Amino acid sequence: KYPPGFWQANYDRKAKPVMLLRLADSSRNKPSPDRAGRDLERRHLWKKFRTLLAWETVNRSRQRSQLGIAFGSAILLGLVAALSCRFTGNLSVGEPYSYAKNEALLNFCFLTVIITLFFAISGSIGELVRDRAIRMRERPLRIPRSIYLSSKWIPVYAVSVLQVTLYLIVSFVVLEIPEMGPW
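Residues numbered from 1 in each chain as written. Predicted model: local features only at pLDDT ≥ 70, side-chain atom pairs only at ≥ 80, totals over all residues. Heavy atoms only, no water.

Caption draft 1: Main features of the overall build of the protein chain. Across its full length, the protein chain holds 6 helices and 0 strands. Going from the N terminus to the C terminus, the protein chain shows its helices and strands as α-α-α-α-α-α. Relative to its full complement of 183 residues, the protein chain shows a buried share of 24%. In the protein chain, the proportion of contacts linking residues at least 24 apart, taken out of those at least 6 apart, comes to 75%. When the accessible area of the protein chain is evaluated, it comes to approximately 13,300 Å², of which 66% is carbon and sulfur surface. (Helix = DSSP H or I, 4+ residues; strand = E, 2+ residues; numbered from the N terminus. Buried < 20%, exposed > 50% of the residue type's maximum accessible area, 1.4 Å probe, protein only. Contact = heavy atoms within 4.5 Å. Areas by Shrake-Rupley, 256 points an atom, 1.4 Å probe, with all protein chains shown as cover.)

Here it is, written out as structure tokens:
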């Protein structure tokens, strides 16, 4: 058995000079410790973001009934808005429908803006209120609020874009707007 002083002397004699040489060589080529720490922190935050985004996307795709309601409401609102605007314009009896002569088209544009805001708000508010307990549970993980909200925002945004797209397709077909088909 060797005393601790023997091992300390052995370490000082052999290991320290080699480590000092390595540090001297590597300090020229490597970034500063602050920069390396920041890069590591960024990679760690990026990994947290990707994990939260994947989790949120999987959870959203599992909720088929909510997606069905969201997309069904977009189609239904598109039909209601387009039909109400199509038949409230000043058209003569017996004259074929033309969107260019429809005076209610500006009302349809205003209604489209309101419905688009409704799609966005209804999806986001429900998600944030529902996940409040999860946010409290994950607080010890120190996930930044911006990363958490961004991972929530992207799937909600994707669903809202699909809702608005369905709404516009249905509305444009009913109103016979030329950009949507050959009429």
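That was the structure; now back to the text.
Caption draft 2: The layout of surface pockets, seen in detail. Estimated volume of the largest pocket: approximately 290 Å³. Arg60, Gln66, Ala70, Ser122 and Gly123 are, among the 18 residues lining the largest pocket, the residues nearest its centre. Here the element with the most residues in the lining of the largest pocket is helix H4 (residues 105–130); it accounts for 7 residues. (1 Å grid on protein atoms, 1.4 Å probe; cavity = no way out; pocket = protein on both sides within 12 Å on 5 of 7 lines; lining within 4 Å. Points joined across faces, edges and corners; volume = space filled by probe spheres on them.)

Caption draft 3: Quick look at helix H6 (residues 145–175). Over its 31 residues, H6 runs 43 Å from end to end, which matches the ideal 45 Å to within 8%, given 1.5 Å per residue. Note on H6: the residue one or two positions beyond its end, Glu176, has a positive phi of about 55°. (Expected span 1.5 Å × (residues − 1).)

Caption draft 4: Expanded view of unusual backbone geometry. The phi torsion at Glu176 lies on the positive side, around 55°, for a residue other than glycine. For Glu176, the location among the structural elements is in the segment after H6.

Caption draft 5: Geometry of the pattern of salt bridges. Summed over the entire model, instances satisfying the criterion amount to 2 salt bridges. Across the pair Arg86 and Glu176 runs a salt bridge whose closest N-O atoms are separated by 3.3 Å. On the criterion of sequence distance, the pair formed by Arg86 in helix H3 (residues 64–88) and Glu176 in the segment after H6 is long-range, its members being 90 residues apart. According to the relative accessible area criterion, Arg86 is buried, its value standing at 16%. You can call Glu176 partly exposed: its relative accessible area is 28%. (Salt bridge = Lys/Arg side-chain N within 4 Å of Asp/Glu carboxyl O.)

Caption draft 6: Molecular detail of the state of the cysteines. According to the stated counting rule, one finds 0 disulfides in the structure shown. Its sulfur unpaired, Cys85 is 8.5 Å from the next cysteine sulfur, which belongs to Cys109. Judged by its relative accessible area of 5%, Cys85 falls in the buried class. Assessed through its relative accessible area of 42%, Cys109 is described here as partly exposed. (Disulfide = S-S within 2.5 Å.)

Caption draft 7: Inspection of the packing of aromatic side chains at higher detail. With the rule as written, the count across this model stands at 5 aromatic pairs. Relative to Tyr157, the ring of Trp153 has its centre 4.9 Å away and its plane inclined at 20°; by these criteria the two rings are stacked. Residue Trp153 and its partner Tyr157 are both found in helix H6; the two are separated by 4 residues, about one turn of the helix. Overall, the relative accessible area of 47% leaves Tyr157 in the partly exposed class. Taken together, the ring pairs in this structure connect Phe108, Phe118, Phe119 and Tyr167 into an aromatic cluster. (Phe/Tyr/Trp six-rings, centres within 6.5 Å; stacked < 30°, edge-to-face > 60°.)

Don't take any of this as a statement about function, it's just geometry.
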